Amino acid sequence: MMKRQKDLLKHLGSGSFLLLASLLIGSQSLAQSPWERIADLPSTLGLEQGVSEFDIAPLKLKLVKASQTVAGLTPLADTAFDYTPDERLEVRAKDGLYQLGDINFRVRTGASGDWQSFSSAAKRAPVIPLSASGSILAAADLAPTLPNDVPLAVKRFWQNDDGHLILRFELTNKTTHDIEIGALGIPLIFNNILEGKHLDEAHADNVFFDPYIGMDAGYLQVNRLHGKGPVLLVLPHENAPFEAYHPLNDDPTPRGIVFEGFHEWMIHSKAYAADEWKGVAQWNEPTSTLLKAGQSKSFALKFALAPSVRQIEDELINQKRPVAVGVPGYVVPKDITAKLFLNYGSKVKSVAAYPAGSLTIKRGKKTKHGWETYEIAGNTWGRSRLTVTYADGLTQTINYKVISPEKETVDKLGHFLTTEQWFDDQRDPFGRAPSIINYDYDVKRKLTQENRAWFVGLSDEAGAGSWLAAMMKQVLRPNKAEVEKLKRFVNETLWGGIQYKDGPLKYAVKKSMFYYEPDSMPKGTYVDSIPFRGWSAWKKKEADDPGRSYNYPHVVAAYWTMYRLGRYHVGYADDIPWKQSLENAFHTTMAMMKHAPYYTRFGLMEGSVFLLVLNDLKAEGLTEMASEMEAAMRKRADRWEQQAYPFGSEMPWDSTGQEEVYLWSRYFGMDEKSMVTLNAILAYMPTVPHWGYNGSARRYWDFVYGGKLSRIERQLHHYGSGLNAIPVLTHYRDHPDDFYLLRVGHAGAMGALANITEDGFGPAAFHSYPSTLAIDGYAGDYGCGFYGYAVNSGTYIVNHPEFGWLAFSGSLSEKGDLVSTKITSAARSRVYLAPIGLWINADAGKIDEVSYNTKTGEVTLTLAGADEHTPNTLLRITKQGTETGGDVALAGFEKNGQGQYVVPNGSGARTVRVRGK
């Protein structure tokens with residue numbers, strides 16, 4: 001094993017369940033690492049012949065002379081940085097390892113028969129240089145690096161087109177028969193290889209890239225990890241619609257937690273759809289192209305730089321590409337009307353939905369600067385594709401996901417968790433009953449045994465995810481029957497089972513209640529069909545280990561939920577003193593600092609719950625506990641302030657610690673670190689016209705550690721979406737003019753609902769591979785993302801300078817000076833009125849509607865009537881992120897000791913007024 005792999009394992013510590021695949025998933029010889037095996041292969045790229053350099057402002061291009069593939073692509077403003085894996089060029093200069101400039105295709109004679117596959121990367125040989133003049137920088141015939149029986153002649157051109165770098169391929173049918181091109185892909189090789197780097201190096205050297213798989217309007221954005229500076233855009237230039245995004249898993253570059261893998265931009269994908277992807281509904285309709293005998297056709301991509309992440313769409317407009325802005329995004333609940341704004345130089349010829357009738361599309365008035373406007377209503381639950389055809393023949397696709405109304409989706413989730421996933425087998429030898437346990441949706445069965453012990457041990461993310469989701473559902477929409485089951489779980493299984501209840505480890509949290517120790521258990525305890533082996537089949541000693549910090553926030557969130565139920569409602573948790581629940585949350589937090597300090601040096605997923613607990617300790621006058629907890633968190637934040645990028649975890653790089661790092665940095669006034677954190681989030685959390693990628697925070701290894709279909713793969717709306725939405729929306733409320741943040745943050749929050757099935761199952765994530773394009777079969781770590789929705793979701797009302805009045809998680813109408821918004825979020829408990837920075841939170845009760853008089857500035861709230869558990873609406877009303885106006889108050893009401901306005905609920909809705917002080 002390489003030294004740096006050993007060092008990483010040492011860094012991870014014996015308490016980590018990810019001892020893993022330190023750098024890889026898959027078989028690996030301890031005697032020789034995959035990188036060493038690659039290094040031992042003969043070099044075939046021809047590096048010894050040198051490189052050629054070209055300046056095409058604002059980029060510098062370096063080409064290997066022998067292959068005319070890319071040796072470097074750097075911005076002229078920062079030539080120390082390279083978008084491509086230039087540092088690994090020598091070790092990757094081998095057969096089968098893709099370079100930028102390669103091409104893959106599948107062809108067949110005529111329109112039937114077997115497909116033949118060809119790749120310029122498979123067996124390297126020096127290409128034949130062609131004359132280059134005018135706009136052509138370099139050109140080559142690729143015949144030497146393709147098999148002799150290839151029916152197409154392939155020429156490649158690197159061009160300077162009006163100051164932009166172009167990669168163009170010319171394919172010619174050299175036979176006397178028609179040739180169908182059923183797959184055509186251009187590998188996009190950029191430097192996302194994090195292996196062997198510490199975080200400072202990775203943020204300086206590496207990139208992440210995300211696709212908009214939108215046909216002629218599609219593009220790839222390549223962001224630096226720190227989220228600052230220019231963004232490389234790959235755009236269609238000639239006959240190159242972005243039809244599919246294909247993982248290049250045949251490239252032997254070792255994939256794992258430090259390398260997601262490379263992908264190719266697929267212009268045609270019919271051959272894959274008929275074979276490897278058969279039966280899978282693709283994002284776009286798979287196509288092919290037919291070349292007559294002797295016919296040629298060119299396919300080209302363009303490279304451009306956007307000044308920043310927020311200016312990607314501005315650059316697309318500058319490049320005369322279609323731009324779509326969906327509000328509130330592309331996950332559309334059935335009870336709202338979404339809006340779609342389109343900007344392109346050619347008129348819209350038609351707009352159509354597939355499946356037919358899945359969306360209702362209504363054209364509206366153009367905006368003042370000419371954006372086309374459409375109203376979009378979801379009719380059929382599930383995926384829907386909107387195809388926009390422009391008068392010049394260009395086609396744009398936008399992928400939507402239609403879901404049930406937010407409140408119905410959450411109710412279905414709660415019901416599924418507390419019925420189908422309710423585990424109450426009192427004979428369970430591991431003491432896991434009663435609980436809400438992991439679930440296998442493919443076979444409709446509770447998951448009670450797995451080789452990966454944490455999946456079924458009720459702790460860790462994959463084990464705790466289901467009961468955590470059930471808990472957080474009660475924050476939004478408490479249900480008496482569900483709460484009764486959860487109280488049993490807390491009293492009988494969490495306390496004294498997952499969590500130590502006495503002795504020196506009191507309040508500490510175990511790694512798993514399930515373990516594999518057949519010699520100490522009754523015969524027949526373990527099913528024969530599971531091969532319990534390897535590091536993941538934990539023994540009891542390892543399962544009982546309290547040293548993993550990440551397990552503690554789940555437990556704290558459970559106690560915090562019980563505190564809220566007991567404090568703000570009647571009849572839910574009257575038998576559990578609310579003060580005891582809050583104190584349990586505090587003691588569990590401090591037990592983490594004592595018994596699991598190692599990983600507290602990093603931000604923890606759901607770590608925002610510690611700030612929620614601290615705020616409640618202060619509000620309840622528990623000053624001593626609050627001071628102790630604040631001091632402990634300050635020590636962590638002080639450490640983060642000294643680090644350039646404090647986003648580590650058990651993994652070399654991670655996307656789930658930023659949530660807590662941002663919030664504590666903001667709390668303690670560490671503004672510079674807050675911005676560093678926010679920018680890093682925006683680097684891996686894009687906004688694109690596609691429900692799966694829009695607001696989807698990057699994660700690519702947790703199908704291995706939290707899913708059923710175990711592979712390294714970009715996960716769509718893994719729990720990072722909901723968690724990272726917390727800092728993004730928090731920062732938006734501080735800066736309400738930054739509309740980009742609202743789009744990203746709200747999309748991330750809705751990502752927690754996007755994958756819930758129609759009957760209420762919450763899966764680990766959605767598989768992005770075109771061979772699957774479906775949810776994972778296990779519930780896994782879903783609950784962490786739902787936590788993000790539960791503590792963060794709300795309705796946002798904005799007046800955009802181009803698009804006018806808009807509502808996110810609301811249904812907005814205008815009548816004269818009055819703007820009214822019906823609240824459609826699941827809890828109906830949070831509203832942000834951006835023009836005046838008004839932030840309204842209901843700790844109990846529901847807000848049905850908010851009306852704002854744009855002339856007088858008056859704000860009126862319509863509150864829902866009482867129910868048997870909620871006699872009062874408890875409102876917190878503050879100003880956040882605006883200098884217009886001062887403090888606000890609720891007319892006719894006074895604050896209680898907790899800072900809430902207590903509004904008695906009547907038998908029906910009532911109206912109250914917010915006034916300025």
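This report concerns the structure included in the present document.

The rules behind the values
Numbering of residues starts from 1 in every chain and runs along the sequence as written. Two thresholds apply to this predicted model, a pLDDT of at least 70 for residue-level local features and 80 or more for giving and counting side-chain atom pairs, whereas whole-chain, interface and lining totals are computed over all residues. Values shown for side chains rest on all heavy atoms present in the structure; no hydrogens or waters enter the calculation. Helix and strand definitions follow DSSP, with helices as H or I runs of at least four residues and strands as E runs of at least two, each counted in order from the N terminus. We compute the radius of gyration over the C-alpha atoms and compare it with the globule rule, which gives 2.2 Å times the number of residues raised to the power 0.38. Between buried and exposed lies partly exposed: a residue is buried under 20% and exposed over 50% of the maximum accessible area for its type, with that area taken using a 1.4 Å probe on protein chains only. We call two residues contacting when some pair of their heavy atoms lies within 4.5 Å. When charges are counted, neither His nor the chain ends are considered; positive counts come from Lys and Arg and negative counts from Asp and Glu. All charge positions are set by atom: Lys at NZ, Arg at CZ, Asp at CG, Glu at CD. Here a pair means two rings of Phe, Tyr or Trp (six-membered ring of Trp) with centres within 6.5 Å. Their orientation is stacked below 30 degrees between planes, edge-to-face above 60, and tilted elsewhere. Pairing between strands is defined by DSSP: at least two bridges between the two strands are required. For helices, the fitted line uses only the C-alpha atoms of the stretch in contact; every axis is such a line through C-alpha atoms, and the angle between N-to-C directions lies from 0 to 180 degrees. In this scheme, roughly parallel covers angles under 35 degrees and roughly antiparallel covers those over 145, while 65 to 115 is roughly perpendicular and the rest are oblique. Put simply, a crossing is left-handed when the front helix is turned counterclockwise from the back one by less than a right angle, and right-handed when it is turned clockwise. Throughout this entry, Asp, Glu, Lys and Arg are counted as charged residues, while Ala, Val, Leu, Ile, Met, Phe, Trp, Tyr, Cys and Pro are counted as nonpolar. The remaining residues, Gly among them, count as polar. The length a helix should cover is 1.5 Å for every residue beyond the first. Side-chain atoms within 4.5 Å link the members of a nonpolar core, which is a set of buried Ala, Val, Leu, Ile, Met, Phe, Trp, Tyr and Cys residues. Salt bridges are identified by distance alone: a Lys or Arg side-chain nitrogen within 4 Å of an Asp or Glu carboxyl oxygen.

Some details on the overall build of the protein
Moving on, step 1. On a plain count of helices and strands, the protein comes out with 19 helices and 43 strands.
Moving on, step 2. Computed over its C-alpha atoms, the radius of gyration of the protein comes to 28 Å, within 12% of the 29 Å expected for a compact globule of 917 residues.
Moving on, step 3. Viewed in the frame of its principal axes, the protein has a C-alpha envelope of about 85 × 75 × 50 Å.
Moving on, step 4. Buried positions account for 64% of the 917 residues belonging to the protein.
Moving on, step 5. Looking at the protein alone, contacts between residues at least 24 apart form 68% of all its contacts between residues at least 6 apart.
Moving on, step 6. Averaging the positions of the 99 positive and the 103 negative side-chain charges in the protein gives two centres separated by 2 Å.

With respect to the packing of aromatic side chains
Moving on, step 1. Per the counting criterion, the structure on display carries 56 aromatic pairs.
Moving on, step 2. With centroids separated by 4.0 Å and ring planes inclined at 10°, the aromatic side chains of Phe242 and Trp265 adopt a geometry described as stacked. Taken as a pair, Phe242 in the loop between β13 (231-238) and β14 (244-247) and Trp265 in strand β15 (residues 263-268) lie far apart in primary sequence, 23 residues in all. Take Phe242 and Trp265: they sit in the same class, and that class is buried.
Moving on, step 3. Seen in terms of ring centroids, Trp454 and Trp535 are 5.5 Å apart; in terms of plane orientation they differ by 20°. Their pairing is stacked. Taken together, the residues Trp454 in the loop between β29 (445-446) and α7 (460-476) and Trp535 in the loop between α8 (480-494) and α9 (540-543) connect sequence positions 81 residues apart.

Digging into the sheet that holds strand β6 (residues 128-130)
Moving on, step 1. Overall, antiparallel pairing links the eight strands, which are arranged β6-β7-β8-β9-β17-β13-β12-β11 in an open sheet. Sheet topology places β6 and β11 (207-212) at the edges, where each strand pairs with a single neighbour. The sheet shows a mean angle of 20° between the axes of neighbouring strands, direction not considered.
Moving on, step 2. As judged from the six bridges shared by β11 and strand β12 (residues 219-224), these two strands associate in the antiparallel manner. Note on β12: the bridge partner recorded for Phe209 is Val222.

Describing the environment of Trp653
Moving on, step 1. Examined against the element boundaries, Trp653 turns out to sit in the loop between α13 (623-642) and α14 (658-667).
Moving on, step 2. The sequence separation of Trp653 and Ser813 amounts to 160 residues, and the corresponding C-alpha distance is 44 Å.
Moving on, step 3. Beyond its immediate stretch of four places on either side in the chain, Trp653 contacts Leu194, Leu199, His203, Phe208, Leu225, Tyr684, Arg698, Tyr700 and Trp701.

Some thoughts on the pairing of strand β20 (residues 338-343)
Moving on, step 1. Burial analysis of β20 places five of its six residues in the buried class, which makes it a mostly covered element.
Moving on, step 2. Across five bridges, strand β18 (residues 323-327) lies against β20 in antiparallel orientation. If you follow Val327 over to β20, its bridge partner there is Lys339.
Moving on, step 3. Of the pairings in the sheet, the one linking β20 to strand β23 (residues 372-378) comprises five bridges and is antiparallel in character. Bridge pairing in β23 links Phe341 to Thr373.

Things to note about the side chain of Asn173
Moving on, step 1. Inspection of the secondary structure assignment puts Asn173 in strand β9 (residues 164-173).
Moving on, step 2. The residues touching Asn173, leaving out its near neighbours within four places in the chain, are Pro151, Leu152, Asp178, Ile179, Leu291, Lys292, Ala293, Gly294 and Gln295.

Structural notes on the packing of α7 against helix α19 (residues 782-792)
Moving on, step 1. Put simply, α7 and α19 touch, their axes get as near as 6 Å, and they point 20° apart. By the criterion of interaxial angle, the relationship of α7 to α19 is roughly parallel. Note on packing geometry: the crossing formed by α7 with α19 is left-handed. Residues Glu461, Gly465, Leu468, Ala469, Met472, Lys473, Val475 and Leu476 of α7 touch α19, and the partners they reach there are Tyr782, Gly783, Cys784, Phe786, Tyr787, Tyr789, Ala790 and Val791.
Moving on, step 2. The residue makeup of the contact of α7 with α19, split by class, is 12 nonpolar, two polar and two charged.

Notes on the packing of α7 against helix α10 (residues 552-568)
Moving on, step 1. Following both chains from N to C, one finds α7 and α10 inclined at 15°, their axes separated by 9 Å at the closest point. If you check the angle between α7 and α10, you find them roughly parallel. Once α7 is placed against α10, the crossing between them reads as left-handed. Facing α7, whose interface residues are Asp460, Glu461, Ala464, Trp467, Leu468, Met471, Met472, Gln474 and Val475, α10 presents His554, Val555, Ala557, Ala558, Trp560, Thr561, Met562, Arg564 and Leu565.

Description of the sheet that holds strand β21 (residues 348-354)
Moving on, step 1. What the four strands build is an open sheet, ordered β19-β25-β24-β21; its pairing is mixed. Each end of this open sheet is capped by a strand with a single partner; those strands are β19 (331-333) and β21. Taken over all neighbouring pairs, the strand axes of this sheet differ in orientation by 30° on average, direction set aside.
Moving on, step 2. Across the sheet, helix α18 (residues 739-754) lies against β19 and β25 (395-403), angled at about 60° from β25, the strand it touches most.

Thoughts on α18
Moving on, step 1. With 16 residues, α18 should cover 22 Å at 1.5 Å per step; its first-to-last C-alpha distance of 22 Å lies within 8% of that length.
Moving on, step 2. Counting buried positions over the 16 residues of α18 gives 16, a clear majority of the element.

Thoughts on the nonpolar core
Moving on, step 1. With 260 residues, the main nonpolar core has Trp158, Phe190, Phe303 and Trp467 as its most contacted residues.
Moving on, step 2. Among the elements that take part in this core, α10 stands out by supplying 11 residues, more than any other.
Moving on, step 3. Within the second largest apolar cluster, 26 residues are counted, among which are Leu833, Tyr852, Leu890 and Val912.

Some thoughts on the pattern of salt bridges
Moving on, step 1. Evaluated as defined, the whole model comprises 50 salt bridges.
Moving on, step 2. Here Arg310 ties to Asp738 by a salt bridge, and the two come within 2.9 Å at their closest N and O atoms. Of this pair, Arg310 sits in the loop between β17 (296-306) and α5 (312-318) while Asp738 sits in the loop between α17 (720-734) and α18; the two residues are 428 residues apart in sequence, bridging distant segments of the chain.
Moving on, step 3. In this structure Arg310 comes out as partly exposed when scored by relative accessible area, which is 33%.
Moving on, step 4. Here Asp638 and Arg634 are joined by a salt bridge, their closest N and O atoms 2.8 Å apart.

Here we look at unusual backbone geometry
Only a minority of non-glycine residues have a phi that is not negative, and only a minority of peptide bonds are not trans.
Moving on, step 1. The omega torsion of the bond from Tyr354 to Pro355 falls at 0°, within 30 degrees of zero and hence cis.
Moving on, step 2. Among the secondary structure elements, Pro355 is positioned in the loop between β21 and β22 (359-363).
Moving on, step 3. Of note, the amide linkage connecting Ala433 to Pro434 takes the cis form, showing an omega dihedral of -5°.
Moving on, step 4. Among the secondary structure elements, Pro434 is positioned in the loop between β26 (422-423) and β27 (435-436).
Moving on, step 5. Unusually for a residue other than glycine, Arg828 sits at a positive phi of about 50°.
Moving on, step 6. In this structure, Arg828 sits in the loop between β35 (818-823) and β36 (830-833).
Moving on, step 7. Of the residues examined, Arg828 reaches a relative accessible area of 14% and is grouped as buried.

A few points about α14
Moving on, step 1. Summarising burial for α14: eight of the 10 residues are buried, a large majority.
Moving on, step 2. All of the buried residues in α14 are Gln658, Glu659, Glu660, Val661, Tyr662, Leu663, Trp664 and Ser665.
Moving on, step 3. For α14, the secondary structure elements touched by its buried residues are α12 (608-619), α13, α15 (671-684), α17 and α19.
Moving on, step 4. One or two steps after α14, the chain reaches Gly669, where phi turns positive at roughly 75°.

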